[in-house]
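Close look at the chain arrangement
Next come the chains, spelled out residue by residue.
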Amino acid sequence: DAKTTQPPSMDCAEGRAANLPCNHSTISGNEYVYWYRQIHSQGPQYIIHGLKNNETNEMASLIITEDRKSSTLILPHATLRDTAVYYCIVGDSNYQLIWGAGTKLIIKP
Amino acid sequence: EPEVTQTPSHQVTQMGQEVILRCVPISNHLYFYWYRQILGQKVEFLVSFYNNEISEKSEIFDDQFSVERPDGSNFTLKIRSTKLEDSAMYFCAKGLAASNEQFFGPGTRLTVL
């Protein structure tokens, strides 16, 4: 079973920051937090990952709380093309990813 | 990041037939994965492949499934005798290192009639 909890859906206005929360209260010390997204039945797309420090790349920022029990993915200026299902996944250096249901993010004009 | 390509994009087969799904071409990657997603459901891990061997497999990946890299670049998933419940999108993914930063292909839609 997935080790994360996410809201099933969220809306965000185009041009605003989209903040997607994720709870992972049972995360262990060597496990990373990964974010992927899936746009309408396309292949999932890697976004970002982190261990305990906040991370930023060209797509998004990842904020991990100090106790590592939750995190937030931030899309700074959401566009209509960011409409997708966003998956928060906790995993270590093992190979498989255990997927939950994710958050369906709808960007509205 | 170089693309992961998959063929065919859509495969229709009769129940009991064998199908081979392909991930092409892949080079300079050591870690490969197959996932499936039944329509409207979660993405499910099937198998991981490293150094030409299966590293991990899920309960779904039973004796009806097999994987190989027949020519050192293509990565294939074979289903020996398809069942109706095998109808799904099948995604191939690759990784450059032993991490969960994986790059997915566009998928093959398998329809079993």
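Residues numbered from 1 in each chain as written. Chains lettered and ligands numbered in written order. Predicted model: local features only at pLDDT ≥ 70, side-chain atom pairs only at ≥ 80, totals over all residues. Heavy atoms only, no water.

What about the side chain of A:Ser61?
Note on placement: A:Ser61 falls in strand 6 (residues 61-64). Side chain to side chain, A:Ser61 and A:Thr56 meet in a polar contact 3.0 Å long. (Helix = DSSP H or I, 4+ residues; strand = E, 2+ residues; numbered from the N terminus. Polar contact = N/O pair within 3.5 Å; in protein donor to acceptor, adjacent residues only side chain to side chain.)

Regarding the interface of chain B and chain A
Taken together, the contact between chain B and chain A spans 22 residues of the former and 20 residues of the latter. Both faces considered, chain B and chain A share a buried interface measuring about 1,800 Å² in area, 55% of it formed by carbon and sulfur atoms. Our count for the chain B to chain A interface comes out at zero salt bridges. On the surface where chain B and chain A come into contact, there are two residue pairs in polar contact (both at pLDDT 80 or more). Every element with two or more residues in the side of chain B that touches chain A is listed here: strand 4 (31-37), strand 5 (43-50), strand 6 (53-57) and strand 9 (88-95) of chain B. Of the residues in the side of chain B that touches chain A, the class split is eleven nonpolar, seven polar and four charged. (Contact = heavy atoms within 4.5 Å. Buried area = accessible area lost by both parts, 1.4 Å probe. Salt bridge = Lys/Arg side-chain N within 4 Å of Asp/Glu carboxyl O. Nonpolar A, V, L, I, M, F, W, Y, C, P; charged D, E, K, R; others polar.)

Considerations on the sheet that holds strand 3 (residues 19-24) of chain B
All names here are of chain B. Taken together, four strands build an open sheet; the order of strands is 1-3-8-7 and the sheet is antiparallel. Each edge of the open sheet carries a strand with a single partner, namely strand 1 (5-7) and strand 7 (65-68). Adjacent strand axes in the sheet meet at a mean angle of 20 degrees when their direction is disregarded. As judged from the three bridges shared by strand 1 and strand 3, these two strands associate in the antiparallel manner. Along strand 3, the bridge assignment pairs Gln6 with Cys23. (Pairing = 2+ DSSP bridges. Axes fitted to C-alpha atoms, helices over the stretch in contact; angles between N-to-C directions.)

Here's the deal with the sheet that holds strand 7 (residues 70-75) of chain A
Residues and elements named next belong to chain A. Spatially, 2-7-6-5 is the arrangement adopted by the four strands of the open sheet, whose pairing is antiparallel. Edge strands, defined here as strands with exactly one partner in the open sheet, are strand 2 (18-23) and strand 5 (55-56). Pairing geometry for strand 2 and strand 7, over six bridges, is antiparallel. Across the sheet, the residue bridging to Ala18 is Leu75, located in strand 7.

Digging into the layout of surface pockets
Roughly 480 Å³ of volume is contained in the largest pocket. What lines the largest pocket is a set of 19 residues, among which A:Gln38, A:Ser41, A:Val85, A:Tyr87 and B:Gln37 lie closest to the centre. It is strand 8 (residues 84-91) of chain A that provides the largest number of residues to the lining of the largest pocket, a total of three residues. Residue classes in the lining of the largest pocket are distributed as eight nonpolar, eight polar and three charged. (1 Å grid on protein atoms, 1.4 Å probe; cavity = no way out; pocket = protein on both sides within 12 Å on 5 of 7 lines; lining within 4 Å. Points joined across faces, edges and corners; volume = space filled by probe spheres on them.)

A look at the pairing of strand 4 of chain B
All names here are of chain B. Of all seven residues in strand 4, seven are buried; the element is thus mostly enclosed. Side chains of strand 4 alternate between two faces, with Tyr31, Tyr33, Tyr35 and Gln37 and Phe32, Trp34 and Arg36 buried alike. Relative to strand 5, strand 4 runs antiparallel, the two being bridged by seven bridges. If you follow Tyr35 over to strand 5, its bridge partner there is Phe45. Connecting strand 4 to the antiparallel partner strand 5 that follows it, the hairpin turn spans five residues, and Gly40 within it adopts a positive phi of roughly 80 degrees. (Buried < 20%, exposed > 50% of the residue type's maximum accessible area, 1.4 Å probe, protein only.)

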